[in-house]
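# Commentary on secondary and tertiary structure
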Amino acid sequence: LINLLLQLEYKPALKYYCDIIFRSIEHDDLADAAVDALKQLDGAEVERELMSLFDEASDDAKYRMLDLLAVPNCDDKIFEYVLHKLTEEKGMREIFAYYIGRIDDSRALPFLHDISEEEDLDYVDYMEIRNAIERLGGSCIERDYRNDPLYAKIHGDI
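What this report covers is the structure whose coordinates are included nearby. Because the structure is a prediction, the values reported are computed rather than measured.

Conventions and cut-offs
- Residues numbered from 1 in each chain as written.
- Predicted model: local features only at pLDDT ≥ 70, side-chain atom pairs only at ≥ 80, totals over all residues.
- Heavy atoms only, no water.
- Axes fitted to C-alpha atoms, helices over the stretch in contact; angles between N-to-C directions.
- Helix = DSSP H or I, 4+ residues; strand = E, 2+ residues; numbered from the N terminus.
- Parallel < 35°, antiparallel > 145°, perpendicular 65-115°, else oblique.
- Left-handed = near helix turned anticlockwise from the far one by under 90°.
- Contact = heavy atoms within 4.5 Å.
- Nonpolar A, V, L, I, M, F, W, Y, C, P; charged D, E, K, R; others polar.
- Buried < 20%, exposed > 50% of the residue type's maximum accessible area, 1.4 Å probe, protein only.
- Arc of directions from axis to C-beta.
- Phe/Tyr/Trp six-rings, centres within 6.5 Å; stacked < 30°, edge-to-face > 60°.
- Lys NZ or Arg CZ within 6 Å of the ring centre and 35° of its normal.

## A closer look at the packing of helix α2 (residues 13-22) against helix α4 (residues 43-54)
In the contact formed by α2 and α4, the axes pass within 10 Å of each other and the chain directions differ by 40°. When the interaxial angle is binned, α2 and α4 end up oblique. In terms of crossing hand, the pair formed by α2 and α4 is right-handed. In this structure, α2 contributes L14, K15, C18 and F22 to the contact, and α4 contributes E45, V46, E49, L50 and L53. For the contact of α2 with α4, the residue count by class is six nonpolar, no polar and three charged.

Here it is, written out as structure tokens:
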């Protein structure tokens, strides 16, 4: 149905796609298809509609919305949400570091530098933090992760 609506260029479907995303759950192929459809529509209209739903959305829905909203010059609400999640959600840091890099706002640099120096930062999180710092024009301290199990798995040392 989503593909058909896209082919027909049916404009009222935008609200339908946003509603699918708003009601989405963790593993939701239909919501993922709705995100892909929204990527093909006018960004300003999509942003307005998603921003009107953002505060009331579940975390699963917000994560999908970030694929569309975490862009340069985005609403400060999105920047602040991603920055808060980056600093508070240690289990998903690599995802939020990626979004901070996409937002491309240098206000995040001090927070990224602080996180990059944490003792317990694993290799994958470090790499995404480092990528975000470099994307924002900064430089990151080099760390030795040769003894980190994730480093070994990624580089085939196990």
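Further notes follow.
## Some remarks on the environment of I115
Checked against the element boundaries, I115 lands in helix α8 (residues 109-116). In this structure I115 comes out as buried when scored by relative accessible area, which is 3%. Distance from I115 to A132, taken between C-alpha atoms, is 12 Å for residues 17 residues apart in sequence. Once residues lying within four places of it in the same chain are set aside, the contact partners of I115 are L86, T87, R93, L121 and I129.

## Notes on α8
Looking at α8, one finds that the buried residues are L109, L112, I115 and S116. End-on view of α8: buried residues confined to an arc of 125°, all on one side of the axis. Packing partners of the buried residues in α8 comprise α6 (76-88), α7 (93-103) and α9 (123-135).

## Some points on the packing of aromatic side chains
Centre-to-centre distance and the angle between the planes together describe a pair of aromatic rings. In the structure shown here, the tally under the stated rule is seven aromatic pairs. Between Y16 and Y17, the aromatic rings sit 6.0 Å apart at their centres with planes inclined by 50°, giving tilted as the arrangement. Plain terms: the ring middles of Y98 and Y99 are 5.4 Å apart, the flat faces sit at 55° to each other, and that makes the pair tilted. These aromatic residues form a ring-pair network of at least three members: Y123, Y126, Y145 and Y151. Of note, K62 hangs over the ring of F54, and the distance from its end group to the ring centre comes to 5.1 Å. Over the ring of F79 we find R107, and its NZ or CZ is 4.2 Å from the ring centre.

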